[in-house]
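Results of the structural survey
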Amino acid sequence: MPTLKALGHACFALSSDTHTVIFDPWLSENPEAVIGPGDVQADALLVSHGHSDHLGDAIPIALRLGIPIVAPYELAMYCARQGADVHAMHIGGGATYDFGYVKLTNALHGSAVIGDDLIEYTGPPCGFIVTMQETTVYYAGDTGLFGDMELLGDLNRIDVAILPIGDNFTMGPDDALYAVGLLEPELVVPMHYSAFDVISQDAHKFAKRVKQVKADCTAVVLKPGEEVSI
Ligand code: NI
Ligand code: MN
């Protein structure tokens, strides 16, 4: 049975008995992080977009461990230029890895690496559907609500949906609640709601509302460092 561990903000580790993948490894500048980039052990890094709170420490971790960054093509090419091993994919495409199957999904957001005097656009952002040991996880990435989440729910038996609830840059709690109805997951894990003041939300209140709206769905709030068997 895989485990899902929160590492702060939008960073999560998904592990089977034999493999670990990390979503959006933002750690060194992350006020919620309980581990540093040097502590990470993983087989691949799944990076949804180029914003610093998601690309984060992906390149130094990938270089240290010799593991690939899985990302949309333009972002993957950016990472490759920094010397990282990459596996470029794009929205709607899937690929099988040692650890499981990964498919890139749409996300309504931006994607760029923003330097002091340069904004480098890194293509469209994405979400990920990962199937590991017969457990299917939908990691929405940074996104607004979109109707094709219903399609994702129709095409996949989603065991776990990791959804942003912070508002301002992504879905807020009301839209995330609507997304739960479209995706029909068994378990919901909120993310992206407390690292900055502007996205501050009460995740426990959201979790209670999930149960009210969808009785057969559970929401669990994971503090950084906490994990759940999925
Ligand atoms: Ni973003
Ligand atoms: Mn973000």
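Above this text is the structure in question.
1. Brief notes about the coordination of the manganese ion (ligand 2)
Only Asp 53 (OD), His 54 (NE2), Asp 142 (OD) and His 192 (NE2) from the protein reach the manganese ion (ligand 2) as donors, at distances of 2.2 Å. In terms of primary sequence, the donors binding the manganese ion (ligand 2) are separated according to D-H-x87-D-x49-H. Between the manganese ion (ligand 2) and the nickel ion (ligand 1), a spacing of 3.2 Å is present, and a bridge between the two is formed by Asp 142. Within this pair, whereas Asp 53 is found in helix 1 (residues 52–55), its partner His 192 is found in the loop between strand 14 (187–191) and helix 6 (203–213), the two being separated by 139 residues in sequence. A single burial state applies to Asp 53 and to His 192, both of which are buried.

2. Quick look at helix 2 (residues 58–65)
Among the residues making up helix 2, those that are buried are Ala 58, Ile 59, Ile 61 and Ala 62. Along helix 2, the residues classed as buried sweep out an arc of 165 degrees about the axis, all on the same side. Taken from the residues just after helix 2, Gly 66 is the one with a positive phi, measuring 65 degrees.

3. Some thoughts on the packing of aromatic side chains
When we look at a pair of aromatic rings, we describe it by the centre distance and by the angle of the planes. Using the criterion set out here, one finds six aromatic pairs in the structure. Ring geometry for Trp 26 against Phe 196: centres 6.0 Å apart, planes inclined by 50 degrees, an arrangement best described as tilted. In this pair, Trp 26 is assigned in the loop between strand 3 (20–23) and strand 4 (44–46) and Phe 196 in the loop between strand 14 and helix 6, connecting sequence segments 170 residues apart. Overall, the relative accessible area of 8% leaves Trp 26 in the buried class. Judged by relative accessible area, Phe 196 falls into the partly exposed class, the value being 28%. Ring geometry for Phe 128 and Tyr 139: centres 6.5 Å apart, planes at 40 degrees, overall tilted.

4. Concerning the nonpolar core
Of all hydrophobic cores here, the largest spans 30 residues; its most connected members are Leu 4, Phe 12, Leu 14, Leu 46, Val 102, Phe 128 and Ile 162. Residues within four places of Leu 4 in sequence aside, it is in contact with Phe 12, Ala 13, Leu 14, Val 160, Ile 162, Val 189, Leu 222, Glu 226, Glu 227, Val 228 and Ile 230. By size, the runner-up hydrophobic cluster in this structure holds 26 residues, among which are Phe 146, Ile 158, Val 210 and Val 221.

5. Comments concerning the coordination of the nickel ion (ligand 1)
Those donors, His 49 (NE2), His 51 (ND1), His 109 (NE2) and Asp 142 (OD), are the protein atoms that reach the nickel ion (ligand 1), and they lie 2.2 to 2.3 Å from it. Taken together, the four donor atoms coordinating the nickel ion (ligand 1) span angles of 87 to 177 degrees at the metal, a pattern that classifies the geometry as irregular. For Asp 142, a relative accessible area of 2% gives the class buried.

6. Some words on the pattern of salt bridges
One pass over the structure, following the stated rule, counts five salt bridges. Among the salt bridges present, the one from Arg 81 reaches Glu 120, with a minimum N-O distance of 2.9 Å. Taken together, the residues Arg 81 in helix 3 (residues 73–81) and Glu 120 in strand 10 (residues 119–121) connect sequence positions 39 residues apart. Classification of Arg 81 as exposed rests on a relative accessible area of 56%. Across the pair Arg 209 and Asp 174 runs a salt bridge whose closest N-O atoms are separated by 2.9 Å. Within this pair, whereas Arg 209 is found in helix 6, its partner Asp 174 is found in helix 5 (residues 173–183), the two being separated by 35 residues in sequence. A relative accessible area of 28% means that Arg 209 is categorised as partly exposed. Its relative accessible area of 52% is what places Asp 174 among the exposed residues.

Criteria and cut-off values
Residues numbered from 1 in each chain as written. Chains lettered and ligands numbered in written order. Predicted model: local features only at pLDDT ≥ 70, side-chain atom pairs only at ≥ 80, totals over all residues. Heavy atoms only, no water. Donors = N, O, S within 2.8 Å, 3.2 Å for Na, K, Ca; no water. Helix = DSSP H or I, 4+ residues; strand = E, 2+ residues; numbered from the N terminus. Buried < 20%, exposed > 50% of the residue type's maximum accessible area, 1.4 Å probe, protein only. Arc of directions from axis to C-beta. Phe/Tyr/Trp six-rings, centres within 6.5 Å; stacked < 30°, edge-to-face > 60°. Core = buried A, V, L, I, M, F, W, Y, C linked by side-chain atoms within 4.5 Å. Contact = heavy atoms within 4.5 Å. Tetrahedral: all angles 85-135°; square planar, octahedral: opposite > 155°, others 65-115°. Salt bridge = Lys/Arg side-chain N within 4 Å of Asp/Glu carboxyl O.

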